[in-house]
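# Commentary on secondary and tertiary structure
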Amino acid sequence: MNLALPQALPAGALLLLGAACTATLPRPGGVPDVYDAEEVPAALEAGRSALESGETWAAVAILHAVQAAPGLEGGVRAEARSLLAEAVSRRIDDLAASPDGAEQLEVLAELELPRDLAVRASLAAARAWLEEGERLECHETLVAMDVRYPLHARRAEAGELHFQAGISLAEDPGTYALIFSYSSDGITVLEAFIERYPGHPRGPRAYEALVQAYEEDRLFDLAIRRAQGLVLEYPGTLEGVWAQARIPHLRLASLGTPEYDRSLMLQARGELAEWLRTYPGHALEEQVRIDLADALQRLADSDLSIARFYREVESQAGFEFHARRALETARDAGNSEQVEEAEALLAEAIEAAP
């Protein structure tokens, strides 16, 4: 039996092992992936000794190989699991204080451990990635953890880390690999956040950031959808009230030829008027009134255009009806130039009446 006891390791060996750790569990020389049954007693004692002397990485490697040994008696297996859990717990504490412990923590999280301990290792890895500025790695670690342990008890903490990674990316104006933007990655991460953590306290801000990002990219349908989700999931919040005002604004912004799409303009006008009735004196009132005036002016322009069409086809009833309605809407909008235009057109329609 070639068993590497912790005492036999040269000084600094565990640091080298930690530095070399990428995707697999590094092991001191002579420690196999799994011990044979006859090697277990000595290996178990070696693992305990490593743990007592503070050589946590060696203890994890040895005890992990012990736990994997075939044919262990129940008591021995339970002792190995208990010692391994303690070794992993101490190792997490050691790595959490390390400036570059994220990869090693990822390895720990992938071991066959009790759920609470694996989740703790994953969260520590995600936090370490975030502190190192590796925000996508933080996101990927959390997604993998949630897939593996969807009902874990530390969802609030995981959600906070996920949000921090996403909002940091979304607000980052930089690029990488010449063509990729961090802000686009932020959209991906925040979308995952709102899907995986409904009701999280950070949800309103995440939704708000998504609405703003989609609006900036002129993806108005997506922006409206996320604003509606914000209103439904977080009603009454500051962000929810903002979203209620933003939805009609986005409807108006999405119109390519507003004079021909009255349905969206009418819908926006109704939503804006309802918002003003619901939140009188709100800080956003001035902007909402500007949007309402915009909607009314667009509706008046629509009627003016339709009135001119009926004048060309010599439909007197349509000509006068739309000219009159344009005047009423223009007066509501308070646009004097538009009012004058509508008055002149209505006068022409009345004069042309039989």
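Remember, it's a predicted structure, so these values are computed and weren't measured experimentally.

### Some points on the overall build of the protein chain
Across its full length, the protein chain holds 16 helices and two strands. Relative to its length of 354 residues, the protein chain is extended, with a C-alpha radius of gyration of 33 Å against a globular reference of 20 Å. With respect to the principal axes defined by its C-alpha atoms, the protein chain has extents near 115 × 40 × 35 Å. In the protein chain, buried positions account for 47% of the 354 residues. Residue pairs in contact within the protein chain that sit at least 24 positions apart in sequence constitute 60% of those at least 6 positions apart. In the protein chain, 31 side chains carry a positive charge and 59 a negative one; their mean positions are 4 Å apart.

### Things to note about the confidence of the model for the protein chain
Averaged over all residues, the pLDDT of the protein chain equals 89, while 92% of them reach at least 70. In the predicted structure, residues 1-23 sits below a pLDDT of 50 and forms 38 contacts with residues beyond four places in sequence or in another chain.

### Brief notes about the packing of helix H10 (residues 203-216) against helix H11 (residues 220-233)
With their axes 8 Å apart at the nearest point, H10 and H11 run at an angle of 165 degrees to one another. Of the possible angle classes, the one that applies to H10 and H11 is roughly antiparallel. The two elements H10 and H11 meet at a crossing, and its hand is left-handed. Within the contact between the two elements, H10 uses Pro204, Tyr207, Glu208, Leu210, Val211, Tyr214 and Glu215 and H11 uses Phe220, Leu222, Ala223, Arg226, Ala227, Gly229, Leu230 and Glu233. Grouping the amino acids of the contact of H10 with H11 by side-chain chemistry returns ten nonpolar, one polar and four charged.

### Concerning helix H14 (residues 285-312)
Taking 1.5 Å of rise per residue, 28 residues should cover 40 Å, and H14 covers 41 Å from first to last C-alpha, within 8% of that figure. At the C-terminal side of H14, Glu314 shows a positive phi close to 60 degrees.

### Topic: the side chain of Glu208
Position of Glu208 relative to the elements: it lies in helix H10. In this structure the side chain of Glu208 is engaged in a polar contact, spanning 3.3 Å, whose partner is the side chain of Arg205. Sequence-distant contacts of Glu208, that is, excluding residues within four places in its chain, are made with Leu230, Glu239 and Trp242.

### Focus: the pattern of salt bridges
Evaluation of the coordinates by the stated rule reveals 24 salt bridges. Between Arg311 and Glu348 there is a salt bridge; the shortest N-O distance is 3.0 Å. With Arg311 in helix H14 and Glu348 in helix H16 (residues 336-351), this pair connects stretches of sequence that are 37 residues apart. Among the ionic pairs, Arg324 bridges to Glu320, the shortest N-O distance being 2.7 Å.

### Here we look at the nonpolar core
Counting residues in each nonpolar core, the largest one holds 76 residues, and the members touching the most others are Val60 and Leu108. With ten residues, the top contributor of residues to this core is helix H6 (residues 115-131). Each residue touching Leu108, except ones within four places of it in the same chain, is listed here: Trp57, Val60, Val88, Arg91, Ile92, Leu95, Leu113 and Ala121. Counting 15 residues, the second-largest nonpolar core is a separate cluster that includes Ala268, Leu272, Leu299 and Ala333.

### Concerning the packing of aromatic side chains
Within the structure shown, the criterion is met by seven aromatic pairs. Here the aromatic residues Phe163, Phe193 and Tyr197 are joined through ring pairs into a cluster of three or more. Across the ring face of Tyr182, the terminal group of Arg135 is positioned such that the distance to the ring centre comes to 5.0 Å.

Thresholds applied
Residues numbered from 1 in each chain as written. Predicted model: local features only at pLDDT ≥ 70, side-chain atom pairs only at ≥ 80, totals over all residues. Heavy atoms only, no water. Helix = DSSP H or I, 4+ residues; strand = E, 2+ residues; numbered from the N terminus. Rg over C-alpha atoms; globule rule 2.2 N^0.38 Å. Buried < 20%, exposed > 50% of the residue type's maximum accessible area, 1.4 Å probe, protein only. Contact = heavy atoms within 4.5 Å. Lys, Arg positive; Asp, Glu negative; His and termini not counted. Charge placed at Lys NZ, Arg CZ, Asp CG, Glu CD. pLDDT = per-residue confidence, 0-100. Axes fitted to C-alpha atoms, helices over the stretch in contact; angles between N-to-C directions. Parallel < 35°, antiparallel > 145°, perpendicular 65-115°, else oblique. Left-handed = near helix turned anticlockwise from the far one by under 90°. Nonpolar A, V, L, I, M, F, W, Y, C, P; charged D, E, K, R; others polar. Expected span 1.5 Å × (residues − 1). Polar contact = N/O pair within 3.5 Å; in protein donor to acceptor, adjacent residues only side chain to side chain. Salt bridge = Lys/Arg side-chain N within 4 Å of Asp/Glu carboxyl O. Core = buried A, V, L, I, M, F, W, Y, C linked by side-chain atoms within 4.5 Å. Phe/Tyr/Trp six-rings, centres within 6.5 Å; stacked < 30°, edge-to-face > 60°. Lys NZ or Arg CZ within 6 Å of the ring centre and 35° of its normal.

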